[in-house]
Amino acid sequence: MKDFLSYIENLSIKKINKTYSLCGYKFELYKIINIDKIKKSDLPKSEGLYCFTKKEEVFNVSSSTPHYFQSIHKLIYLGMTEDFTDRLPFHNKQGEIKKAGATHLGICILDRKTRDEIKSIESLLLDKYFFQENEKENESKQNKKTNVVED
C-alpha cells in the first residue's frame, strides 16, 4: 500500500486514449494530476504544439440518446516547442495555467515539420481559436471558438 501511495503522490500527468482536433491537427490528451510535478520522463522527446485545457462534461441536448454527456475542453493556452521534455516541466505560464484550472494537456507532435511550418500552424490556431492565457493574440474573441470537443 505504501508503494502505491508513493506512486500516486509522484504522478504528474497520465496519457489517456483520447484526442481532439484543432483545424485538423490531432492533439493526444494527458490528464494533469499535479502540474507542479511534470517531469521530463512524462513527455515525448519531440517537437510540436501543446495546449492546456479545462475539461467539462456538458449535456448534449442535440443528441437522440437520453442522458448523453459530451467532453468539452475550454482552451487555456497554446504554445510550440522544439522539445516537450525541455519546455513543459518548467513552463513560464504555469501559475496562470494552474489558476485557470487546467485539467488536461494536449500534445501534437510535428517532428517532420520545420520550425517555420510549426510557427505557421500555431499562428493559424491562434487566429481561429481563443486561448484564455495567450494575451497577445487575444485582441478579439469575435468569431473565435473557445472550446473543443473530444474526438
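Look a little higher up for the structure.
This write-up is about the structure you can find in this document.

How each quantity is defined
Residues numbered from 1 in each chain as written. Predicted model: local features only at pLDDT ≥ 70, side-chain atom pairs only at ≥ 80, totals over all residues. Heavy atoms only, no water. Helix = DSSP H or I, 4+ residues; strand = E, 2+ residues; numbered from the N terminus. Buried < 20%, exposed > 50% of the residue type's maximum accessible area, 1.4 Å probe, protein only. Contact = heavy atoms within 4.5 Å. Pairing = 2+ DSSP bridges. Axes fitted to C-alpha atoms, helices over the stretch in contact; angles between N-to-C directions. Salt bridge = Lys/Arg side-chain N within 4 Å of Asp/Glu carboxyl O.

Quick word on the overall build of the protein chain
- Along the backbone of the protein chain there are four helices and six strands.
- Across the protein chain, helices and strands are ordered from the amino to the carboxyl terminus as α-β-β-β-β-α-α-β-α-β.
- The buried share of the protein chain, taken over its 151 residues, is 43%.
- In the protein chain, the share of contacts with a sequence separation of at least 24, taken over all contacts with a separation of at least 6, comes to 69%.

A closer look at the sheet that holds strand β6 (residues 147-149)
- A sheet is described by the order of its strands in space; here six strands give the open sequence β1-β2-β5-β3-β4-β6, paired in antiparallel fashion. In this open sheet, the two edge strands, each paired with only one partner strand, are β1 (13-22) and β6. Looking at each pair of strands side by side, their axes are set apart by 40° on average, direction ignored.
- Sheet analysis places strand β2 (residues 25-32) next to strand β5 (residues 104-109), joined by four bridges and oriented antiparallel. Along β5, the bridge assignment pairs tyrosine 30 with leucine 105.
- In this fold helix α4 (residues 115-128) packs onto β1, β2, β3 (48-59) and β4 (69-81), with an angle of close to 135° to the strand it touches most, β4.

Re the pattern of salt bridges
- Taken as a whole and judged by the stated rule, the model has seven salt bridges.
- Between aspartate 36 and lysine 98 there is a salt bridge whose closest N-O contact spans 2.4 Å. Note that aspartate 36 is positioned in the loop between β2 and β3 and lysine 98 in helix α3 (residues 94-99), a separation of 62 residues in sequence.
- Given a relative accessible area of 45%, lysine 98 falls into the partly exposed group.
- Linking lysine 40 and aspartate 86 is a salt bridge whose minimum nitrogen-to-oxygen distance equals 3.0 Å. Taken together, the residues lysine 40 in the loop between β2 and β3 and aspartate 86 in helix α2 (residues 84-87) connect sequence positions 46 residues apart.
- Lysine 40 gets classed as partly exposed once you look at its relative accessible area, which sits at 42%.
- Of the residues examined, aspartate 86 reaches a relative accessible area of 44% and is grouped as partly exposed.

Some words on the pairing of β2
- In this structure, β1 lies alongside β2, joined through seven bridges in antiparallel fashion. Considered in β2, the bridge of serine 21 is made with lysine 26.
- Between β1 and β2, which pair antiparallel and follow one another directly, the connecting turn spans two residues, one of which, cysteine 23, has a positive phi of 50°.

In short, shape yes, function no, at least from these values alone.
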